[in-house]
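A structural walkthrough
Listed below are the residues making up each chain.
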Amino acid sequence: MAAHVLDQSKLPSNLVVTRVWVPDDAAHARRPVAQVSEPRRQIAGAVLIALGVILGLAVLLADGPSWPAFGSLLIAWTGVAYASGGRSGFYEVDTDGGLGGYLGRARPDVSSMRPRKPTG
């Protein structure tokens, strides 16, 4: 397996590769797998989550009814959904170092692979 699995110049500028898994055996027919995220979506999602938590605590600390706290829960849940959305997820890595087929948001079975930090 080559020292550099990913070619950063072939990745869209709005995506960041956070982890790569490569096959344990060089003869293994499976392609490397990359976990990709969108930093802008993660920041916006974190802001929504923080807003939801702050509003929820404010509602609970007030001496009013507690049902408005569910609204803040929905804001935080929206933040989680937004942060993990877009093009974030797991991709196969092509032989040319770019992103290949989309594998989904859930972590695929990488038990026969070893993790490594992305280098480019």
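So, here's what we can say about the structure. Predicted model, so just to flag it, every value in this text is computed and none were measured. (Residues numbered from 1 in each chain as written. Predicted model: local features only at pLDDT ≥ 70, side-chain atom pairs only at ≥ 80, totals over all residues. Heavy atoms only, no water.)

Describing helix H2 (residues 69-83)
This is how the line gets drawn: A helix here means a DSSP run of H or I that spans at least four residues, while a strand means a run of E at least two residues long, and both kinds are numbered starting from the N terminus. To estimate the expected span of a helix, count its residues, drop one, and scale the result by 1.5 Å. Only protein chains enter the accessibility calculation, which uses a 1.4 Å probe; a residue whose area is less than 20% of its type maximum is buried, one above 50% is exposed, and one in between is partly exposed. Taken from the helix axis, the directions to the C-beta atoms give the arc we talk about.
If you check H2, its first and last C-alpha atoms are 21 Å apart, about what 15 residues at 1.5 Å a residue would give, namely 21 Å. Residues of H2 that are buried: Ala69, Ser72, Ala76, Gly79 and Ala83. Mapping the buried residues of H2 onto a view down its axis gives an arc of 70 degrees, with all of them on the same face. Exposed and facing more than 90 degrees away from the buried side of H2 are Phe70 and Trp77.

Topic: the sheet that holds strand E5 (residues 113-116)
Heads up, the condition is: Pairs of strands are assigned from DSSP output, requiring at least two bridges between the strands. Only the contacting stretch of a helix is used when fitting its axis, a line to C-alpha atoms as for every element, and angles between N-to-C directions run 0 to 180 degrees.
Pairing is antiparallel across the open sheet formed by five strands, whose spatial order is E4-E3-E2-E1-E5. In this open sheet, the two strands that pair with only one neighbour each are strand E4 (99-104) and E5. The average undirected angle you get between the axes of adjacent strands in this sheet is 30 degrees.

Points about the packing of aromatic side chains
Inclusion rule: To pair, rings of Phe, Tyr and Trp, with the six-membered ring standing in for Trp, must have centres within 6.5 Å; the planes then decide the type, stacked if under 30 degrees apart, edge-to-face if over 60, and tilted in the middle. Over a ring means this: the NZ of a Lys or the CZ of an Arg is within 6 Å of the ring centre and within 35 degrees of the ring normal.
According to the stated counting rule, one finds two aromatic pairs in the structure shown. It is arginine 41 that lies over the ring of tyrosine 82; its NZ or CZ is 3.9 Å from the centre.

Quick notes on the nonpolar core
Short version of the rule: To form a nonpolar core, buried Ala, Val, Leu, Ile, Met, Phe, Trp, Tyr and Cys residues must be joined to one another through side-chain atoms within 4.5 Å. Contacts were defined at the residue level, with two residues in contact if any of their heavy atoms lie within 4.5 Å.
Counting residues in each nonpolar core, the largest one holds 12 residues, listed as Val5, Leu6, Leu11, Leu15, Val17, Val20, Val22, Ala34, Val36, Tyr91, Val93 and Leu99. Broken down by secondary-structure element, the contributors of at least two residues to this core are strand E1 (16-23), strand E2 (33-37) and strand E3 (89-93). The element that contributes the greatest number of residues to this core is E1, accounting for three residues. When sequence neighbours within four positions are dropped, the list of residues in contact with valine 93 reads Val5, Leu6, Arg31, Pro32, Val33, Ala34, Gly98 and Gly100. The next biggest cluster of nonpolar side chains, apart from the first, holds five residues, and it includes Trp21, Val33, Phe90 and Met113.

So, the pairing of E1
Relative to E2, E1 is paired through five bridges, and the arrangement is antiparallel. Each bridged residue has a counterpart across the sheet, and for tryptophan 21 the counterpart in E2 is valine 33.

Things to note about the packing of helix H1 (residues 39-61) against H2
Test applied: Working rule for angles: under 35 degrees goes down as roughly parallel, over 145 as roughly antiparallel, 65 to 115 as roughly perpendicular, anything else as oblique. By definition, turning the near helix anticlockwise from the far helix through less than a right angle yields a left-handed crossing, and turning it clockwise yields a right-handed one. Classification convention: Asp, Glu, Lys, Arg as charged; Ala, Val, Leu, Ile, Met, Phe, Trp, Tyr, Cys, Pro as nonpolar; all other residues, Gly among them, as polar.
For the pair H1 and H2, the least separation of the axes is 7 Å and the interaxial angle reads 170 degrees. As the angle between them shows, H1 and H2 are arranged roughly antiparallel. When you trace H1 past H2, the crossing you get is left-handed. The residues of H2 that touch H1, namely those facing Arg41, Gln42, Ala44, Gly45, Leu48, Ile49, Leu51, Gly52, Leu55, Gly56, Val59 and Leu60, are Ala69, Ser72, Ile75, Ala76, Thr78, Gly79, Val80, Tyr82 and Ala83. Looking at the contact of H1 with H2 residue by residue, the classes come out as 13 nonpolar, seven polar and one charged.

Things to note about a nonpolar patch on the surface
Put simply, the rule reads: Nonpolar side chains (Val, Leu, Ile, Met, Phe, Trp, Tyr) are joined into patches within 5 Å and like charges within 9 Å, using only residues with over 30% relative accessible area and no salt bridge. For the area figures, the Shrake-Rupley method with a 1.4 Å probe applies, and any residue is considered shielded solely by the protein chains shown. Only one rule defines a salt bridge in this text: a Lys or Arg side-chain nitrogen within 4 Å of an Asp or Glu carboxyl oxygen.
Among the surface-exposed residues, Val53, Leu57 and Leu61 lie close enough to one another that they form a single nonpolar patch of about 320 Å² accessible area. Along the chain, leucine 57 turns up in helix H1. Classification of leucine 57 as partly exposed rests on a relative accessible area of 49%.

Comments concerning the pattern of salt bridges
Taken as a whole and judged by the stated rule, the model has one salt bridge. With its nearest N and O atoms 3.6 Å apart, the salt bridge here joins aspartate 96 to lysine 10. On the criterion of sequence distance, the pair formed by aspartate 96 in the loop between E3 and E4 and lysine 10 in the segment before E1 is long-range, its members being 86 residues apart.

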